[in-house]
Structure formats: C-alpha cells, structure tokens
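Secondary and tertiary structure notes
Each chain, letter by letter, is given below.
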Amino acid sequence: MKTKAMKWLTTVPVAIAVAVSLAACGGGSAQPSGSPTDALAGSDQTSLDKYTTADVTPLDTIDKTKLGLITEGTLRVGTLSDAPPNIFIDPSGKFTGYDNELMRAIGDKLGLKVEFASTDFSALLSQVNNKQFDAGSSSISTTDKRRETVGFTNGYDFGYMAVVTKDNAQIKSFDDLKAGVRVGVVQGTVQDDYVTNTLKLEPVRFPDYNTVYASVKNGQVDAWVAPSQQATGQVKEGDKTKIAEKVVNTQNFTAYAVNKDNKALIEALNAGLDAVIADGTWTKLTSEWYTDRPTVAEQTPQGWKPGSKAVQIPAK
C-alpha cells in the first residue's frame, strides 16, 4: 500500500557543475565555520532544555494583529520543493510533506492562512532574517550557529543522519568516510557542517537533494551524507543505491525558523504547536509521514519530546 510519503514529484537531475558554482557563491557560506557540530554525538538534554520553553501563551490571548506578518492574517513560509517526506511539491503542485502539513495545522489553530514559496536551503535562513518570509519550514536543525541568524520555535521533530551509497560501494558506515572518499552534501546543512568540521573532509556541495542523489547514482560522488528522512525519500527500488547506515541525531531538535526579533510570532507558533500536540494531530501526522515510527517510543527517542515542557503527548 502506498503512503503519502511515496507521492513526490520526480525532478530531472541538474548538472554537477551547478553544485560546484553554487559552492563558491550564492546565499549561504560555501564552507561552514565555527565550532564543530558533532551531530552524531547523541543528545544533551540539558542543552536542549535551555531552548525549550516551560509553557506557552494561551491561544485565546494571542493578538493576530501583533505578529509582525508580511501580510496580516497570512503566514508566508519559505520551504523546499525536493525533500520528501518532509518538504516537497506533490504532482498536483501542492506544497506538502510532514513539516508543511504540521505548519498548516498550526496555522489553523492560530486562524492564519498559510502560504508556501520555494527557495534553496542555502538562502532560507537569511531570507527569514531579512523578513522575505515570516517563517522557514525545512527540517531545520537548531544549531547554536544558526541561532545567531534566526530565532526558532520549540522543537517538533528530531532526525537521523544517513550515509547513502551505491549497492556495490565499499563504504559501509560513517567510519568509512575518510580522506579520498568523495562525499556529497547539500550546501549549508548540518550534514555539510558535520563532514567539514567534524570529519575534517572537503565535501562536494550541491544546491538540492535531487542533484546530490543523482550524483551518487551516476558515480560522481562515492557517498551522500543526508538527513535520513530525505535519504529514505530518494532511494527507490531499482536505483542500485542503498542507505548504508543511519544514526539517530537528537543533539539539535528540528524547529521552524522565525526572525529572532519577532518574539510575538515565535510565541504564537509555539502555542499552535502545543495545541496540535495536545489534540493528537502531531502524533497522527508523525505516524502517517514516518511509517518507520509507529509507536510513541520511536517518535520520542532518548528522552526527546516535541513542544514546550508543559505539553503532554496524548496516549494512543
């Protein structure tokens, strides 16, 4: 039986030269800098808790005219078009996926119309910071470095990091990513930071997930270090590729990006997020879009949970 996560739009791969040129310019830094983010070191609950609010503003006290929106009553959201099952455009042209459907549910709680627009991940955070978008929806890991540019809501997801290779590749795990291995990443992602600053390798950077995956298939790179959700969305039967290894990453939870000075909008989105957790919508969407996470234990690993500290996930 097909799930929603299988209904994505197939895109024709772009030449690798695009990735090389983008790595030298474009919206994001060609090479992440700063302290290494070892995304596979495991969760640090103390670190996560300091960014999670104790509770949220009651929904019925939120003044929608004070949210600093580009257009009053409408939440304009920057997102991607090629990263199933989280953020993508379906064959009918609708922006969908786990992150975007959750954002729609939050918008409904707040009485806001939600409009999506496509962008590149490398530009998204600066566009949110410059108020080209009210929010960013793109499975964004909330690193300390990114918090220098934008604010974040409470977390709504965690992730796994994966190594994608061809079926006959010698690379079997993260331990095999060493000097001489051509490692592909999407520019500006946590995976880019991990390969560059933790593994101390120089990755081949690409503008999007379709292009990096195409480069694994045609042998232009040996491996792709990917968010596991996007790896699962790309790897299809008959592609002669595989997910060689995946490891849970809860060090930095996933959240929506907002201009860091817009505290009112962050508080409102946090209130909406708690509301969709409390009424079971978060659990329903998680089960629908992540078919490998059917139980609460699999949806909340290593003590992680979504929303504020006060909200409770309803028992099934």
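Heads up: the structure comes first, above all this text.
What this report covers is the structure whose coordinates are included nearby.

Reading the values: the criteria
- Residue numbers here run from 1 along each chain, matching the order of that chain's written sequence.
- The predicted nature of this model means local features are confined to residues of pLDDT at least 70 and side-chain atom pairs, given and counted, to a pLDDT of 80 or more, with totals for whole chains, interfaces and linings taken over all residues.
- Only hydrogens and water are set aside; all other atoms, that is, all heavy atoms of the structure, feed into the side-chain values.
- Buried residues are those whose accessible area, probed at 1.4 Å on protein chains only, stays under 20% of the maximum for their type, while exposed residues exceed 50% and partly exposed ones sit between those limits.
- Helix numbering and strand numbering both begin at the N terminus, where a helix is a DSSP run of H or I of at least 4 residues and a strand a DSSP run of E of at least 2.
- When DSSP locates at least two bridges between a pair of strands, those strands are taken to pair.
- We define a salt bridge as a side-chain nitrogen of Lys or Arg found within 4 Å of a carboxyl oxygen belonging to Asp or Glu.
- A helix is expected to span 1.5 Å multiplied by its residue count minus one.
- Under this scheme, a helix contributes an axis fitted over its contacting stretch, all axes are lines through C-alpha atoms, and angles between N-to-C directions fall in the 0 to 180 degree range.
- Roughly parallel refers to an angle under 35 degrees, roughly antiparallel to one over 145, roughly perpendicular to one between 65 and 115, and oblique to any angle outside these ranges.
- By convention the crossing between two helices is left-handed if the near helix lies anticlockwise of the far one by an angle smaller than a right angle, and right-handed if it lies clockwise.
- Here, two residues are considered to be in contact whenever any of their heavy atoms come within 4.5 Å of each other.
- Residues are grouped as follows: nonpolar covers Ala, Val, Leu, Ile, Met, Phe, Trp, Tyr, Cys and Pro; charged covers Asp, Glu, Lys and Arg; every other residue, Gly included, is treated as polar.
- Each direction from the helix axis to a C-beta atom contributes to the arc, which is the arc of those directions.
- Only Phe, Tyr and Trp rings take part, Trp by its six-membered ring, and two of them pair if their centres are within 6.5 Å. Stacked means planes under 30 degrees apart, edge-to-face means over 60, and tilted covers everything else.
- We call a charge positioned above a ring when the Lys NZ or Arg CZ atom is no farther than 6 Å from the ring centre and deviates by at most 35 degrees from the ring normal.

With that out of the way, let us pick up the pairing of strand E8 (residues 157-166). With respect to burial, E8 is a largely interior element, 8 of its 10 residues being buried. Across 4 bridges, the pairing between E8 and strand E11 (residues 223-227) is antiparallel. Opposite methionine 161, over in E11, you have proline 227 as the bridge partner.

What follows concerns the pattern of salt bridges. Taken as a whole and judged by the stated rule, the model has 12 salt bridges. Glutamate 101 is paired through a salt bridge with arginine 104; the nearest N and O atoms lie 3.0 Å apart. Here glutamate 101 and its partner arginine 104 are both found in helix H3 (residues 98-110), 3 residues apart, which amounts to about one turn of the helix. For glutamate 101, a relative accessible area of 16% puts it in the buried group.

Another point: helix H9 (residues 263-278). Look at H9: 22 Å from first C-alpha to last across 16 residues, which is about the 22 Å you get at 1.5 Å a residue. Summarising burial for H9: 12 of the 16 residues are buried, a large majority. By the burial criterion, the buried members of H9 are Leu265, Ile266, Ala268, Leu269, Asn270, Ala271, Gly272, Leu273, Asp274, Ala275, Val276 and Ile277. Downstream of H9 by one or two residues, glycine 280 has phi in the positive range, about 90°.

Running from N to C, H3 and helix H10 (residues 281-289) cross one another at 160°; their axes reach a closest spacing of 10 Å. With respect to H10, the axis of H3 lies roughly antiparallel. Crossing handedness for the pair H3 and H10: right-handed. In this structure, H3 contributes Tyr98, Glu101, Leu102 and Ala105 to the contact, and H10 contributes Thr281, Trp282, Leu285, Thr286 and Trp289. When its residues are assigned to classes, the contact of H3 with H10 shows 6 nonpolar, 2 polar and 1 charged.

On to H10, then. Every buried residue of H10 is listed here: Trp282, Thr283, Leu285, Thr286 and Trp289. Along the axis of H10, the buried positions cluster into a sector of 170°, meaning they face one direction only.

Inspection of the entire model under this criterion finds 10 aromatic pairs. Consider the rings of tyrosine 156 and tyrosine 256, whose centres lie 4.2 Å apart with planes at 20°: the pair is stacked. Within this pair, whereas tyrosine 156 is found in the loop between strand E7 (151-152) and E8, its partner tyrosine 256 is found in strand E12 (residues 241-258), the two being separated by 100 residues in sequence. Measuring from ring centre to ring centre gives 6.2 Å for tyrosine 213 and tryptophan 224, while their planes differ by 50°; the resulting arrangement is tilted. Of the two residues, tyrosine 213 is situated in helix H7 (residues 209-217) and tryptophan 224 in strand E11; the sequence distance between them amounts to 11 residues. Summarising the burial analysis for this pair, tyrosine 213 and tryptophan 224 share the class buried. Taken together, Tyr98, Tyr156, Tyr256 and Tyr290 form an aromatic cluster joined through their ring pairs. The ring centre of tyrosine 51 lies 3.7 Å from the NZ or CZ of arginine 147, which sits over that ring. The side chain of arginine 293 reaches across the aromatic face of phenylalanine 158, ending 4.1 Å from its centre.

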